[in-house]
Amino acid sequence: MTDVVFIEGLCLDAVIGVHAHERLAPQPLRLDIRMQFDTRRAAASDALSDALDYDAVARRLAEYVASTRFALVETLAERCAALILDEFGAERVQLRLAKPTALKSAAAVGVEIARARRSS
Ligand SMILES: Nc1nc2c(c(=O)[nH]1)N=C([C@H](O)[C@@H](O)CO)CN2
């Protein structure tokens, strides 16, 4: 089963970066998220309670990211992926975290990671 619930182009702001000027104010981030989740139950019931609610994920990430002040995109990406796996029951998550304004010479910089839920 490889059903995926995705969020494309989630725009969030965070204080993030290694340079002093990045510590002074939030900067824009773009997240692209693919969450592996069996969608058959939700499709059968047509009930949001059976789905991986991407609106709830987006709202929870916005709340969490706004509270962070990491140096590296790697750290924030890791924490966001863990939050999705732990709180929303996704089997796997692929997360791309980009800084569109960090480098004047680039359209964006960032990191892409893939993490799976650890079997207990
Ligand atoms: N692998 C990484 N390299 C760099 C990062 C990062 O988060 N991960 N961050 C910076 C600066 O904060 C840059 O984004 C702004 O000048 C440089 N390299």
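In the block above lies the structure referred to throughout.
Residues numbered from 1 in each chain as written. Predicted model: local features only at pLDDT ≥ 70, side-chain atom pairs only at ≥ 80, totals over all residues. Heavy atoms only, no water.

Engineer: Got a sec to walk through the site of the ligand? Specific residues and values, please.
Structural biologist: Gly 17, Val 18, His 19, Glu 22, Ala 71, Leu 72, Val 73, Glu 74, Lys 99 and Ala 102 make up every residue found near the ligand. Within the backbone of Val 73, an N or O atom sits 2.9 Å from an oxygen atom of the ligand. Lys 99 has a polar side-chain atom sitting 2.8 Å from an oxygen atom of the ligand. Taken atom by atom, the bulk of the ligand overlaps the largest pocket. Class assignment of the residues belonging to the shell around the ligand gives a composition of five nonpolar, two polar and three charged. (Near = heavy atom within 4 Å. Polar contact = N/O pair within 3.5 Å; in protein donor to acceptor, adjacent residues only side chain to side chain. 1 Å grid on protein atoms, 1.4 Å probe; cavity = no way out; pocket = protein on both sides within 12 Å on 5 of 7 lines; lining within 4 Å. Sits in = over half its atoms within 2 Å of the grid points. Nonpolar A, V, L, I, M, F, W, Y, C, P; charged D, E, K, R; others polar.)

Engineer: Hey, could you go over the side chain of Lys 99 for me, with residue numbers and the actual values?
Structural biologist: Structurally, Lys 99 is set in strand 3 (residues 92–99). Polar side-chain contacts of Lys 99 include one of 2.9 Å to the side chain of Glu 22. Contacts of Lys 99, omitting those with residues within four sequence positions, involve Ile 16, Gly 17, Glu 22, Gln 27, Pro 28, Leu 29, Val 73, Ala 108 and Val 109. (Helix = DSSP H or I, 4+ residues; strand = E, 2+ residues; numbered from the N terminus. Contact = heavy atoms within 4.5 Å.)

Engineer: Run through the packing of helix 2 (residues 54–66) against helix 3 (residues 73–88), naming residues and quoting values.
Structural biologist: Taken N-terminus to C-terminus, the directions of helix 2 and helix 3 make an angle of 135°; their axes are 11 Å apart at the nearest point. Looking at the two axes, helix 2 sits oblique to helix 3. In the crossing of helix 2 with helix 3, the sense of the turn from one axis to the other is right-handed. Two secondary-structure elements touch here, helix 2 through Ala 56, Val 57, Arg 60, Leu 61, Tyr 64 and Val 65 and helix 3 through Leu 76, Arg 79, Cys 80, Leu 83, Ile 84, Glu 87 and Phe 88. Of the residues that constitute the contact of helix 2 with helix 3, the class distribution is ten nonpolar, no polar and three charged. (Axes fitted to C-alpha atoms, helices over the stretch in contact; angles between N-to-C directions. Parallel < 35°, antiparallel > 145°, perpendicular 65-115°, else oblique. Left-handed = near helix turned anticlockwise from the far one by under 90°.)

Engineer: Could you give an account of the nonpolar core, naming the residues involved and the relevant values?
Structural biologist: With 34 residues, the main nonpolar core has Leu 31, Ile 33, Met 35 and Leu 61 as its most contacted residues. Sorting the residues of this core by element identifies strand 1 (4–14), strand 2 (27–36), helix 2, helix 3, strand 3 and strand 4 (109–116) as the ones contributing at least two each. Among the elements that take part in this core, helix 3 stands out by supplying nine residues, more than any other. Those residues within four positions of Met 35 in sequence are excluded, and the remaining contacts are Asp 3, Val 4, Val 5, Ile 7, Leu 52, Val 57, Ile 84, Ala 90, Arg 92 and Val 93. (Core = buried A, V, L, I, M, F, W, Y, C linked by side-chain atoms within 4.5 Å. Buried < 20%, exposed > 50% of the residue type's maximum accessible area, 1.4 Å probe, protein only.)

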